[in-house]
Structures are given as C-alpha cells and as structure tokens.
Amino acid sequence: MQLLLLVIAVAVVVLGGSFAGMYFLNRSIDQTGR
Amino acid sequence: MALLTLFGLAFTGGAAWMVLWRYRYIGRFTNRSLYLVLAFAIVTFGIMAETGHRGGQINHPEIRTEAAPTDSSVYLSPKIESLINNVIWFVPWQTIHFFGYSLVFGTVLVVVLRVLGVWKSVPFSAVHRILPLGVFGVMMNIFTGMLMLMADTYRYVNETSFTPKMILLPIGAIAVIYFSLSEPLWNTKAGEDAPMTAKWVAALVLLSWIGVIMGGRLLPYV
C-alpha cells in the first residue's frame, strides 16, 4: 500500500512538474514576445 | 562529491540550454537567466574543485596526516546505496526513470516524425516548443539513473549492454542542441521539407534512443 501511494505520488510530481515547467516556459516566451 | 559534480553539471547545462531555447523566441538573453546560469556554473566549479581535491587524497594516502574514518556510513554514497537498494525507494525511483524515458521518447518521436516529413502540416517551430519536455526527461534520468548505478555499480558497469547504452545516450541527448539552434530547421514552414542534414540527424537520434532504451532494458539480463 505504501509503495503504491509512493509511486502515485512520484507520478503526479514528476509528470505534473514537467508539464507545469513546459507550460510556464511557453507562457514566459509568449508574454515576452519576439 | 563526484555525484554532486554531476548534478551541478546537469543543472548548469540544463539551465544554459533553457536560456538558448528561450533566445529563439525573445531574441535576447535576459539578465536574470544569465545570472542564474552563472550562479550554477560558479557553484559547480566550486564542487568540481573540491571533488578534484578529494580525488587527489584518494590516490595519495601516504600524504594524509589524520587517520581516515573507518565507519563508511559517515559518507553520503553508502547511505544512498542502502536507500536505493531498499525496494520502497527503488521502485518509485525507477518509476521516475521510466517516466523520464517516456517523456524523452515522446518528444523525440514528435520531432523526428516532423523532420522526416510525416507531419509536414506543422511548422518546425511548433515542435520546437515541446523540446523542453524531452530535456526534462533526460535530466530526470541522469539523476535517477546515476543513483541506481551507484547503488550497484559493479553489476551495471560489467553488463554487456551498459557501454553501448552510455555511448548512444550522449548522441541522442546532444542532438537537442542541433534541433533547438539550427537556423534552416527553424525556418522550415508548414508543408515544407526539412533539410537533408536534419533528416540524417533525426534518423540517428531516433536510432540512438531506441538503442538506449533497449540497452537499459537488457541491463539486468545480458
């Protein structure tokens, strides 16, 4: 049970973090403009 | 200490690449990002100097004045080793590694399919936007892979598929610089064919990552 929760937590953090990072990077370049 | 050096290098390289990636869109380097990379570089330099210093002590025990501590648990590496060898840490850690691969391979596939002409309807600049996802994946896997390697070094380095994996890995990883900086590639509009050079690079990158993943999967068995 503990292992399952850990793996789920890891998945949320890792994938959430990556996509959030992507989102904010892309937003930053859109706001700054070319 | 060498592990910290590697992490420092990964952070410095990752941050520097992000700045280069952003340069494509905003046309300049912002002061904040330059200082961030500089800070990473300075910290990493310090860690590298200390690593080199300690390396010298390993090779010359005769010049040491004080006795070396006999309790190995005072060092960081054995602690990490025992943690990673514990299933409750190893499995989530390996899960991160697999997600890392998925991010890398997903990004590679999108970029490679566009460059090879399968998705000509999108301009290359559209796939350029998702490159950070692949870089996140590579960084994640450097961290997780390195710690897994540390936990059972002798087994991994003696595996047949370890060396090919480590040779193919930099080829696949370094190519992101080409994809993010190439001018002709950036100018490839929707419906246009990518330059021939880019197609060769794309094919090489795809094959490299296929090799890396196969090598990684074969590690415990060959």
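Look up: the structure comes first, before these words.
Residues numbered from 1 in each chain as written. Chains lettered and ligands numbered in written order. Predicted model: local features only at pLDDT ≥ 70, side-chain atom pairs only at ≥ 80, totals over all residues. Heavy atoms only, no water.

Student: Whenever I open this one, the environment of A:Thr32 confuses me. Can you help?
Tutor: Mapped onto the elements of the fold, A:Thr32 is located in helix H1 (residues 2-32). Looking at A:Thr32, the relative accessible area reads 37%, which means it is partly exposed. In this structure A:Thr32 touches B:Arg22, B:Ile26 and B:Arg28, once residues within four positions along its chain are discounted. (Helix = DSSP H or I, 4+ residues; strand = E, 2+ residues; numbered from the N terminus. Buried < 20%, exposed > 50% of the residue type's maximum accessible area, 1.4 Å probe, protein only. Contact = heavy atoms within 4.5 Å.)

Student: Help me out: how do you make sense of the nonpolar core in this one?
Tutor: The nonpolar side chains of soluble globular proteins are, as a tendency, buried together. If you look at the biggest cluster of nonpolar residues, it comprises 38 residues, and the most contacted ones within it are B:Val115 and B:Phe179. At the level of secondary structure, the elements contributing two or more residues to this core comprise H1 of chain A together with helix H1 (2-26), helix H4 (87-115), helix H5 (124-128), helix H6 (131-151), helix H8 (162-181), helix H9 (183-186) and helix H10 (196-218) of chain B. Per element, the largest residue contribution to this core is eight residues, and it comes from H4(B). Filtering out sequence-adjacent residues up to four positions away, B:Phe179 remains in contact with B:Val111, B:Val115, B:Phe124, B:His128, B:Leu131, B:Leu185, B:Val201, B:Ala202 and B:Val205. One finds B:Leu3, B:Ala10, B:Leu149 and B:Met150 within the second-largest nonpolar core, a separate group that totals 14 residues. (Core = buried A, V, L, I, M, F, W, Y, C linked by side-chain atoms within 4.5 Å.)

Student: How should the packing of H6(B) against H8(B) be read in this particular structure?
Tutor: The angle between the axes and the distance between the axes are what describe a pair of packed helices. All names here are of chain B. Between H6 and H8, the shortest axis-to-axis distance is 11 Å and the interhelical angle comes to 155 degrees. Comparing their axes, H8 and H6 come out roughly antiparallel. In this structure, H6 crosses over H8, and the sense of that crossing is left-handed. Contacts between H6 and H8 involve Leu 131, Val 135, Val 138 and Leu 149 from the first element and Phe 162, Ala 173, Val 176, Phe 179 and Ser 180 from the second. Residue composition of the contact of H6 with H8, grouped by class: eight nonpolar, one polar and no charged. (Axes fitted to C-alpha atoms, helices over the stretch in contact; angles between N-to-C directions. Parallel < 35°, antiparallel > 145°, perpendicular 65-115°, else oblique. Left-handed = near helix turned anticlockwise from the far one by under 90°. Nonpolar A, V, L, I, M, F, W, Y, C, P; charged D, E, K, R; others polar.)

Student: When you look at the pattern of salt bridges in this model, what are you seeing that I'm missing?
Tutor: Any two side chains of opposite charge can pair if their charged atoms end up close together. Residue and element names in this part refer to chain B. All told, the structure shown has seven salt bridges over all chains when counted by the stated rule. For Arg 24, the salt bridge goes to Glu 183, with nearest N and O atoms at 3.2 Å. You can see Arg 24 sitting in helix H1 and its partner Glu 183 sitting in helix H9, a full 159 residues away along the chain. Classification of Arg 24 as buried rests on a relative accessible area of 12%. Its relative accessible area of 43% is what places Glu 183 among the partly exposed residues. Two residues, Glu 50 and Arg 54, come together in a salt bridge whose shortest N-O distance is 2.8 Å. In this pair, Glu 50 and Arg 54 both sit in helix H2 (residues 31-59), four residues apart, roughly one turn of the helix. We classify Glu 50 as partly exposed; its relative accessible area is 28%. Among the charged side chains, a salt-bridge network with shared partners connects Lys 120, Asp 193 and Lys 199. (Salt bridge = Lys/Arg side-chain N within 4 Å of Asp/Glu carboxyl O.)

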